[in-house]
Number of protein chains: 4
Amino acid sequence: MVEQVDKHPVTPRSKDEKEAVVNRLKRIEGQVRGIQKMIEEDRYCVDVLVQISAINAALKKVGFSVAERHTKHCVSSAVKSGEGNEAIDELMEVMKQFSK
Amino acid sequence: MVEQVDKHPVTPRSKDEKEAVVNRLKRIEGQVRGIQKMIEEDRYCVDVLVQISAINAALKKVGFSVAERHTKHCVSSAVKSGEGNEAIDELMEVMKQFSK
Amino acid sequence: MVEQVDKHPVTPRSKDEKEAVVNRLKRIEGQVRGIQKMIEEDRYCVDVLVQISAINAALKKVGFSVAERHTKHCVSSAVKSGEGNEAIDELMEVMKQFSK
Amino acid sequence: MVEQVDKHPVTPRSKDEKEAVVNRLKRIEGQVRGIQKMIEEDRYCVDVLVQISAINAALKKVGFSVAERHTKHCVSSAVKSGEGNEAIDELMEVMKQFSK
């Protein structure tokens, strides 16, 4: 694991970047609430599964955009300062979990 | 696609069943809000990705429990009344989407 | 787990069915050999990854066709003879592994 | 896409590296042949699915080791020469396909 005392990205996320990710997560939060409603209304199981698949896909998209930014900033910066391999091992480890 | 005029499970979900699924979804909703907070606090990307993977895993679990119930009730009932193949085609179609 | 002393499908696969699946597997086998050649020729990593993704997708397709047949024959037969739940638990268990 | 006229890794794979990957792929090839035999012997569908899942897992492992090497060599080299973003976009694109 890469030592990250402060555990922040090397380049702080800008206000706009934060807003874009948070907005996507708010939409996902709304979709999760939507499924709760479907369960309470006893809606057809396959329709529920289609919704769950849609949320999973949306979360994967957010995850890939986070991973991309991480690689472009944190990993690239580690590579430039000669500590790339540790950062890449950490990245691959989390991508393995993520791609399950 | 199986014709489902009313789009409900053949056996209605009991109050307890609904509560169990809704509680799991509420926990997932809380996790999604947790990631929003992580983004706002500009937390380390890999930690965000670990959380997103956890939510994906939790959603898959809910999805499989919905699929299991669906197969035990709706699909089984279709099989018994001689309309199994259509119900199974529909199930496989949604499992394909879901396993991406 | 469903007790399957002889471990065969309830409806034996026909000669045509076997041939269709085996042909798809032979194509996949050829693709795996193709990647070996790519490695030996030191081909570009991303091209190798694209090929591996293609094989994974082809294997998933075969897997889903096996799962569909299994559900239409073995699971349906178990449902009709009143042992559906065990067969469905087994199916869900293997689908979980498969969708990783 | 990163322009790769010759389409080779920036650091050629060593003889040992090639051998290690090819051996893993040969094992996978053997597993694919094993499934063909299972189909010909009309073996139980769930056992076939377990084997297919095992091959998928083995292929994912090979894929991640290829992706790791690619990131440590090709992507890192691109980052150092100021062309990191293109290489990272290409990496993310193939990881998306791969994680399906």
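For the structure itself, look to the data block above.
Residues numbered from 1 in each chain as written. Chains lettered and ligands numbered in written order. Predicted model: local features only at pLDDT ≥ 70, side-chain atom pairs only at ≥ 80, totals over all residues. Heavy atoms only, no water.

### A short note on the interface of chain C and chain D
1) Next: Residue-level contacts link 45 residues of chain C with 47 residues of chain D.
2) Next: Of the roughly 4,600 Å² buried where chain C meets chain D, counting both sides, 67% is carbon and sulfur surface.
3) Next: Scanning the region where chain C abuts chain D turns up 4 salt bridges.
4) Next: Residue C:Glu29 is joined to D:Arg33 by a salt bridge in which the shortest nitrogen-to-oxygen separation is 2.9 Å.
5) Next: The tally of links between chain C and chain D comes to 16 residue pairs in polar contact (both at pLDDT 80 or more).
6) Next: Counting only elements with at least two residues in the side of chain C that touches chain D, the list comes to α1 (15–40), α2 (45–80) and α3 (84–98) of chain C.
7) Next: It is α2(C) that provides the largest number of residues to the side of chain C that touches chain D, a total of 18 residues.
8) Next: Its residues placed into classes, the side of chain C that touches chain D shows 24 nonpolar, 8 polar and 13 charged. (Contact = heavy atoms within 4.5 Å. Buried area = accessible area lost by both parts, 1.4 Å probe. Salt bridge = Lys/Arg side-chain N within 4 Å of Asp/Glu carboxyl O. Polar contact = N/O pair within 3.5 Å; in protein donor to acceptor, adjacent residues only side chain to side chain. Helix = DSSP H or I, 4+ residues; strand = E, 2+ residues; numbered from the N terminus. Nonpolar A, V, L, I, M, F, W, Y, C, P; charged D, E, K, R; others polar.)

### Describing the relation of the copies chain B and chain A
1) Next: Each copy superposes on the other: chain B lies on chain A with an RMSD of 0.0 Å after a rotation of 180 degrees and an axial shift of 0.0 Å. Taken together, the rotation and translation relating the two chain copies correspond to the operation of a two-fold axis. (Least-squares fit on C-alpha atoms with pLDDT ≥ 70 in both.)

### Details of the environment of A:Ser53
1) Next: Considering the arrangement of structural elements, one finds A:Ser53 in helix α2 (residues 45–80).
2) Next: Accessibility expressed as a relative area gives 8% for A:Ser53, which makes it buried.
3) Next: Considered as a pair, A:Ser53 and A:Val79 are 26 residues apart in the sequence and their alpha carbons are 36 Å apart.
4) Next: Contact partners of A:Ser53, with chain neighbours within four places excluded, come to B:Val94, B:Gln97 and B:Phe98. (Buried < 20%, exposed > 50% of the residue type's maximum accessible area, 1.4 Å probe, protein only.)

### Topic: the interface of chain B and chain A
1) Next: Listed as interface residues are 46 residues of chain B and, on the opposing side, 46 residues of chain A.
2) Next: For the pair chain B and chain A, the two sides together bury roughly 4,600 Å², of which 67% comes from carbon and sulfur.
3) Next: Run the count over chain B and chain A and you get 4 salt bridges.
4) Next: For A:Arg13, the salt bridge goes to B:Asp42, with nearest N and O atoms at 3.1 Å.

### Quick word on the relation of the copies chain C and chain D
1) Next: Mapping chain C onto chain D leaves a residual RMSD of 0.0 Å; the transformation is a rotation of 180 degrees accompanied by 0.0 Å of translation along its axis.
2) Next: Most of the interface of chain C is mirrored in chain D, where 100% of its interface residues again form contacts.

### Thoughts on helix α3 (residues 84–98) of chain D
1) Next: Across its 15 residues, α3(D) extends 21 Å between first and last C-alpha, which sits within 8% of the 21 Å expected from 1.5 Å per residue.
2) Next: Residues of α3(D) that are buried include every one of D:Gly84, D:Ala87, D:Ile88, D:Glu90, D:Leu91, D:Met92, D:Val94, D:Met95 and D:Phe98, and no others.
3) Next: On the buried face of α3(D), the contacting elements are α2 and α3 (84–98) of chain A, α2 of chain C together with α2 (45–80) of chain D. (Expected span 1.5 Å × (residues − 1).)

### Observations regarding the packing of aromatic side chains
Residue and element names in this part refer to chain B.
1) Next: What the rule picks out here adds up to 4 aromatic pairs over all chains.
2) Next: Judged by centre distance (5.3 Å) and plane angle (75 degrees), the ring pair of Phe64 and Phe98 falls under edge-to-face. With Phe64 in helix α2 (residues 45–80) and Phe98 in helix α3 (residues 84–98), this pair connects stretches of sequence that are 34 residues apart.
3) Next: According to the relative accessible area criterion, Phe64 is buried, its value standing at 7%.
4) Next: Residue classification places Phe98 among the buried positions, given a relative accessible area of 1%.
5) Next: The ring of Phe98 has Lys60 lying over it, and the distance from NZ or CZ to the ring centre is 5.7 Å. (Phe/Tyr/Trp six-rings, centres within 6.5 Å; stacked < 30°, edge-to-face > 60°. Lys NZ or Arg CZ within 6 Å of the ring centre and 35° of its normal.)

These figures come from the coordinates and say nothing about function on their own.
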